[in-house]
Amino acid sequence: GGLALAALIGVSAAVHSFLAVLHETPRYFPDEYIYTALGRSIAHGHLEIRGAPAHFPEILQPVLAAPLWGLLSTTAAYHGVQVESAVVGSLVALPVYWLARWLGLGRGYALFCAAYALLIPSFTLAAFTVADLFAYTLALAAVAAGVRAVDEPTGKRQLVFLLTASLATLARLEYAVLVVAYAVCAVVVERRRVL
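Here's what I pulled together on the structure shown here. (Residues numbered from 1 in each chain as written. Predicted model: local features only at pLDDT ≥ 70, side-chain atom pairs only at ≥ 80, totals over all residues. Heavy atoms only, no water.)

## Notes on the pattern of salt bridges
Here the idea is simple: oppositely charged side chains can pair when their charged atoms come close. Under the convention used in this document: Counted as salt bridges are all cases of a side-chain nitrogen of Lys or Arg within 4 Å of a carboxyl oxygen of Asp or Glu. Buried means the residue's accessible area, taken with a 1.4 Å probe over protein chains only, is under 20% of the maximum for its type, while exposed means over 50%, and partly exposed covers the values in between.
Applying the stated criterion to the full structure yields three salt bridges. The partner of Arg157 in a salt bridge is Glu152, with the nearest N and O atoms 2.9 Å apart. With a relative accessible area of 34%, Glu152 lands in the partly exposed category. Among the salt bridges present, the one from Arg172 reaches Glu174, with a minimum N-O distance of 3.4 Å. Residue Arg172 is classed as buried on the basis of its relative accessible area of 13%. Connected through salt bridges with shared partners, the residues Glu58, Arg172 and Glu174 form a single ionic network.

Structure below.
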């Protein structure tokens, strides 16, 4: 199982990186401009966009891209961010596989689930400097951690869920709903013992 899962992740990262790097220029969607400008600003020690303070809660991708923007030429950094996005997106196979195994599926079915998670059309977003694939991986990691924490609640499992849900929210703000969903799920499952 582990070797096949690693192979899936490696092939996905390589193929999606190759396809992303073929896209050589930004399309300047508003998000792409904001993420790029913020990442470059962080690389130079600021938290600004065009000289104005950035009040942008989706900070995770720019922080992770900042070293590339700071160390490489603009073209190399752009392609580096594309590869980074493809690799992080490909890591989604891990939480999907773990969740499938936790739910009692066999290794073959769990690998199929992981492979399916790597084939979604959203992987085309690896070509752009946006946070969607970071958020995708972290949101599914939070779902896997949340299912485990609800099923067998321990402080450590709840902390792992809160950490992954917080990171997903820092990648895309709409994933703050994961914490609400977890709380509702805990109430439904535990009823009076929820606290």
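Next comes the rest of the write-up.
## Description of helix α5 (residues 93–102)
Which entries qualify depends on this criterion: Helix and strand labels come from DSSP, where a helix needs a run of H or I of at least four residues and a strand needs a run of E of at least two; each type is numbered from the N terminus. In this analysis, two residues are considered to be in contact whenever any of their non-hydrogen atoms come within 4.5 Å of each other.
Those residues of α5 that fall on the buried side of the exposure criterion are Ala93, Pro95, Val96, Tyr97, Leu99 and Ala100. Looking at the buried positions of α5, the neighbouring elements they touch are α1 (2–21), α4 (74–90), α6 (107–117) and α7 (132–151). Just past α5, the residue Gly104 takes up positive phi, approximately 95°.

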